[in-house]
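Structural overview
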Amino acid sequence: MSRTPIIAGNWKLNMNPKETVEFVNAVKDQLPDSSKVESLICAPAVDLDALLKAAEGSNLHVGAENCYWENSGAFTGETSPAVLKEMGVQYVIIGHSERRGYFHETDEDINKKAKAIFANGMTPILCCGESLETREAGKENEWVVSQIKAGLEGLTSEQVSKLVIAYEPIWAIGTGKTASSDQAEEMCKTIRETVKDLYNEETAENVRIQYGGSVKPANVKELMAKPDIDGGLVGGASLKPDSYLALVNYQD
Ligand SMILES: O=C(CO)COP(=O)(O)O
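No experiment lies behind these values; they were computed from the predicted model shown. (Residues numbered from 1 in each chain as written. Predicted model: local features only at pLDDT ≥ 70, side-chain atom pairs only at ≥ 80, totals over all residues. Heavy atoms only, no water.)

So, the nonpolar core
Counting 61 residues, the largest nonpolar core has I165, I191 and Y211 as the members making the most contacts within it. For Y211, the residues in contact, after removing those within four places along its chain, are Y167, P169, A172, T178, A179, A184, L223, I229, G231, G232 and L233. Counting eleven residues, the second largest nonpolar core, distinct from the first, contains A8, C42, Y91 and L233. (Core = buried A, V, L, I, M, F, W, Y, C linked by side-chain atoms within 4.5 Å. Buried < 20%, exposed > 50% of the residue type's maximum accessible area, 1.4 Å probe, protein only. Contact = heavy atoms within 4.5 Å.)

Next up, the structure:
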């Protein structure tokens, strides 16, 4: 079974529509073929229209950073998964540690979002990861496994086969402190084993698992060489065209 690597930028609350178009124009002709490496940018909702239009006809895939679990209704300020799909968005990040922390998202909310994203024909990128405190207490496996179990609750093996999971240790996000490639591999392997226990071997072989946390051109190759790491979810180093291109073209 071969999983197509997926390198995703998570722009967080950076970039406006004008900068988005400039970025896409700078990278779009130098992206790898999508069958070799999937190049994805997940952008703020207000930039998605510009991103989709600029990326049209290129190998750049487009994702959102969040959405709600209802398609419509009285939910002021939320983003509809049905509208994201209609626009042409393929992926939606859910459960990022910044959303869990600053916006108090629970595992239950994240699970509802996963279901809504699949119901609308898109693919969730389910984030998980432990704090430094949890790792120092030696409880990181327990923590991440419980986030995965809660996030996947009620999803079918067909859905989980298409899912992307991102392991992002909170202590490595935006800190310049990358988990070592062995630490990252160890947790990604644990996640794959958890999927195998919950579903079956085939589903575990299909699910793609990214590592995130201070991924940059200098360390991407080493991380991607690990057997259970199928991609990266990248914040800071995805904001500049040169750096993004170096990440997605890591095989060259
Ligand atoms: O949170 C992240 C991606 O979702 C990681 O951010 P950095 O790559 O800036 O550490």
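What about the UniProt feature "binding site: substrate" (unreviewed entry) in the protein?
As recorded in UniProt, the sites labelled "binding site: substrate" (unreviewed entry) are N10, W11, K12, G174, S214, G235 and G236. Spatially, the listed residues are clustered: although they cover 227 residues, their C-alpha atoms lie within 14.0 Å of one another. In this structure, the largest pocket is lined, among the annotated residues mentioned, by N10 and K12. Mapped onto the elements, N10 comes out in strand β1 (residues 6–10). Contacts of N10, omitting those with residues within four sequence positions, involve C42, E65, I93, H96, L233, V234, G235 and S238. Counting through the fold element by element, W11 comes out in the loop between β1 and α1 (17–27). (UniProt positions renumbered as here; feature names shortened; annotations may be inferred. 1 Å grid on protein atoms, 1.4 Å probe; cavity = no way out; pocket = protein on both sides within 12 Å on 5 of 7 lines; lining within 4 Å. Helix = DSSP H or I, 4+ residues; strand = E, 2+ residues; numbered from the N terminus.)

Here we look at the side chain of S214
With respect to the helices and strands, the residue S214 is situated in the loop between β7 (208–212) and α11 (217–224). Those residues within four positions of S214 in sequence are excluded, and the remaining contacts are A172, G174, T175, G176, K177, T178 and N219.

Let's talk about the layout of surface pockets
In this structure, the largest pocket encloses a volume near 520 Å³. Lining the largest pocket are 18 residues, and of these K12, L13, E65, N66 and R99 lie nearest its centre. Per-element tally for the lining of the largest pocket: the top contributor is helix α4 (residues 97–102), with three residues. The residue inventory of the lining of the largest pocket, partitioned by class, reads eight nonpolar, five polar and five charged. (Points joined across faces, edges and corners; volume = space filled by probe spheres on them. Nonpolar A, V, L, I, M, F, W, Y, C, P; charged D, E, K, R; others polar.)

Some thoughts on the pattern of salt bridges
Scanning the model with the defined rule gives 17 salt bridges in all. With a closest N to O distance of 2.8 Å, E98 and K12 form a salt bridge. Of the two residues, E98 sits in helix α4 while K12 sits in the loop between β1 and α1, which places them 86 residues apart along the sequence. Overall, the relative accessible area of 22% leaves K12 in the partly exposed class. Residues E201 and K196 are paired through a salt bridge, measuring 3.8 Å at the closest nitrogen-oxygen approach. By relative accessible area, E201 is classed as partly exposed at 46%. On the basis of relative accessibility, which here comes to 39%, the residue K196 falls in the partly exposed class. (Salt bridge = Lys/Arg side-chain N within 4 Å of Asp/Glu carboxyl O.)

What about unusual backbone geometry?
Here the phi dihedral of M15 falls at roughly 80°; this positive angle occurs in a residue that is not glycine. Looking at the element boundaries, M15 is found in the loop between β1 and α1. The class for M15 is partly exposed, based on a relative accessible area of 21%. Of note in this structure, H104 is not a glycine but carries a positive phi near 55°. Residue class for H104 comes out exposed when judged on its relative accessible area of 62%.

Observations regarding the UniProt feature "active site" (unreviewed entry) in the protein
As annotated by UniProt and renumbered to match this structure, "active site" (unreviewed entry) occupies H96 and E168. For the residues just named, distributed over 73 residues, the greatest C-alpha separation is only 8.3 Å, placing them together at one site. Annotated residues from the preceding list that form part of the lining of the largest cavity: these are H96 and E168. Turning to its location among the elements, H96 is positioned in the loop between β4 (91–94) and α4. Residue contacts for H96: discarding those within four places in its chain leaves N10, K12, C127, E168 and I173. Its location among the elements puts E168 in the loop between β6 (164–167) and α9 (181–198). The exposure class assigned to E168 is buried, which follows from its relative accessible area of 5%. In contact with E168, other than residues within four places in its own chain, are H96, C127, C128, G129, E130, I173, G212, G213 and L233. There is a polar contact of 3.0 Å between the side chain of E168 and the side chain of H96. (Polar contact = N/O pair within 3.5 Å; in protein donor to acceptor, adjacent residues only side chain to side chain.)

With respect to the site of the ligand
In the region of the ligand, 13 residues are neighbours, and K12, H96, E168, G174 and S214 sit closest. In this structure, an oxygen atom belonging to the ligand sits 2.8 Å away from a side-chain N or O atom of E168. Contacts to the ligand include G174, whose backbone N or O atom sits 2.6 Å from an oxygen atom. Expressed as a share of its isolated accessible area of 310 Å², the protein-covered part of the ligand is 94%. Looking at the shell around the ligand, its residues break down into four nonpolar, seven polar and two charged. (Near = heavy atom within 4 Å. Areas by Shrake-Rupley, 256 points an atom, 1.4 Å probe, with all protein chains shown as cover.)

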